[in-house]
Amino acid sequence: MSNSLSSHSPEISLNLPLLGPDISVVVPIYNEVESIPRLIDAIADSLKDTNLSYELICVDDGSTDGSVELLREKVAITPHLRAIFLRRNYGQTPAMSAGFNHARGRIIITLDGDLQNDPADIPMLLAKLDEGYDLVSGWRKKRQDAALTRLLPSKIANWLIGKITGVKIHDYGCSLKAYRSELVADMHLYGELHRFLPALAFIEGARITELPVRHHARQYGKSKYGLGRTFRVVLDLLTVFFMKKFLTRPMHVFGFLGILAILAGLFLGFYLTFVKLAFGENIGDRPLLILSVVLLLTGVQLFSIGLLGELLMRTYHESQGRPIYRVREAIEHKEK
Ligand code: UDP
Ligand code: MG
């Protein structure tokens, strides 16, 4: 593998120190005590033959099964290993976010702490990233999970996410991914958004691809999720959809709908006034009157939401110094 991984830094993030390892491997851990020793060894093995330096960041998400104590012991005897202990169980997305914030590498690899992802696939992802991508997502082609409660909902969710976000990858839920760190450095994750990182990155103009990876059945401990996750994922999807389409122009949705509703309401109102004044018709008991009033009220509300959205959007971008665009590279002429 070449070393060009390190030379690629189109937009260097401010919170990255200059001297970090090449790679940060970020692993969320919630009650995975049996898996941790093999995980640490497998990651060391997979990176041994590359000439890249790395750190392994285990983010403990409030484990209660002894993972905390084990991680402490391991950190004391394992080079490259760092552990971050969250105060309580926050969930996988916050745990990964904590890992991102502490990562010092130029490349970030994420994977699950339960050995369902195979650390041996990491070099393959790195090689793919080296071809010029900003994000390489794993695709669990032969996924080892329950068919009805996990595979089917995930198939539907993946299809839906692909349709709505326009990012065509097969498996959003796969934690095994490789990123250039400048991509995640200013990504803000909420809810279950970690699985939408490819979509969010795509919105920010990143070059994305996927690669089939191995997947194993869970050997130790048990899954932290059930069917309920699908619903949360779908709700998050709506958020992402909105971010993609209208984040910088909420007035274009709400204002437009609001004005339509107001115009329709006014039209009906004028019509009713007309028939009342011109023909002396009784309009007090007409459904049209109710419709007109409802349209006017919702119209005004939609319009105001659009205005508020514009204000909030400005606060969102300006308070964080978040540009509304992303530069891949800027070059200029230099005199020899
Ligand atoms: N995880 C976490 N906090 C949670 C739930 C899960 O850090 O609240 C971690 C968990 O330890 C594992 C990864 O997230 O490393 C994926 O969880 P799990 O294997 O239960 O999900 P599944 O593979 O069943 O989708
Ligand atoms: Mg798992």
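Re the site of ligand 1
Then comes step 1: The immediate surroundings of ligand 1 are formed by 18 residues, with Asp61, Asp114, Arg150, Ser223 and Lys224 found nearest.
Then comes step 2: Between an oxygen atom of ligand 1 and a side-chain N or O atom of Arg218, the distance comes to 2.8 Å.
Then comes step 3: For ligand 1, an oxygen atom lies 2.6 Å from a polar atom in the side chain of Ser223.
Then comes step 4: Protein burial of ligand 1: of its 530 Å² of free accessible surface, 96% is covered by the chains.
Then comes step 5: In the shell around ligand 1, the residues fall into four nonpolar, six polar and eight charged.

With respect to the environment of Glu204
Then comes step 1: Following the sequence through the fold, Glu204 ends up in the loop between α8 (197-203) and β7 (208-213).
Then comes step 2: Separated by 98 residues in the primary sequence, Glu204 and Leu302 have C-alpha atoms spaced 28 Å apart.
Then comes step 3: Look past the residues within four positions of Glu204 in its chain and what remains in contact with it is Met187, Arg322 and Arg326.

Some details on the pattern of salt bridges
Then comes step 1: This structure, assessed with the given rule, holds 15 salt bridges.
Then comes step 2: Across the pair Arg214 and Asp121 runs a salt bridge, and its minimum N-O distance is 2.8 Å. Residue Arg214 is located in the loop between β7 and α9 (228-246), and its partner Asp121 is located in the loop between β4 (107-110) and α5 (122-130); the two are separated by 93 residues in the primary sequence.
Then comes step 3: On the basis of relative accessible area, Asp121 is assigned to the buried category, the value being 2%.

Description of the coordination of the magnesium ion (ligand 2)
Then comes step 1: Within the protein, the atoms that donate to the magnesium ion (ligand 2) are Asp114 (OD) and Gln116 (OE1), at distances of 1.9 Å. Of the two residues, Asp114 and Gln116, both sit in the buried class.

Brief notes about the pairing of strand β3 (residues 81-85)
Then comes step 1: Relative to β3, strand β2 (residues 54-60) runs parallel, the two sharing five bridges. Across the sheet, Ile57 pairs through a bridge with Arg82, a residue of β3.
Then comes step 2: Between the parallel pair β2 and β3, the chain is carried across by helix α3 (residues 67-77), and the sense of this crossover is right-handed.

Considerations on the sheet that holds strand β6 (residues 177-180)
Then comes step 1: Taken together, the seven strands give an open sheet; going across it, the order is β3-β2-β1-β4-β6-β5-β7, and neighbouring strands pair in mixed fashion. Looking at which strands have only one partner, the edges of the open sheet turn out to be β3 and β7. Strand-to-strand, the axes of this sheet are offset by a mean angle of 20 degrees, without reference to chain direction.
Then comes step 2: This element, helix α2 (residues 36-48), spans β1 (23-29), β2 and β3 of the sheet and lies at about 160 degrees to β1.
Then comes step 3: Its contacts with the sheet put α5 on β1, β4, β5 (135-140), β6 and β7, and the angle it makes with β7 is roughly 155 degrees.

Rules used in this analysis
Residues numbered from 1 in each chain as written. Chains lettered and ligands numbered in written order. Predicted model: local features only at pLDDT ≥ 70, side-chain atom pairs only at ≥ 80, totals over all residues. Heavy atoms only, no water. Near = heavy atom within 4 Å. Polar contact = N/O pair within 3.5 Å; in protein donor to acceptor, adjacent residues only side chain to side chain. Areas by Shrake-Rupley, 256 points an atom, 1.4 Å probe, with all protein chains shown as cover. Nonpolar A, V, L, I, M, F, W, Y, C, P; charged D, E, K, R; others polar. Helix = DSSP H or I, 4+ residues; strand = E, 2+ residues; numbered from the N terminus. Contact = heavy atoms within 4.5 Å. Salt bridge = Lys/Arg side-chain N within 4 Å of Asp/Glu carboxyl O. Buried < 20%, exposed > 50% of the residue type's maximum accessible area, 1.4 Å probe, protein only. Donors = N, O, S within 2.8 Å, 3.2 Å for Na, K, Ca; no water. Pairing = 2+ DSSP bridges. Right-handed = clockwise from strand over helix to strand, strands pointing away. Axes fitted to C-alpha atoms, helices over the stretch in contact; angles between N-to-C directions.

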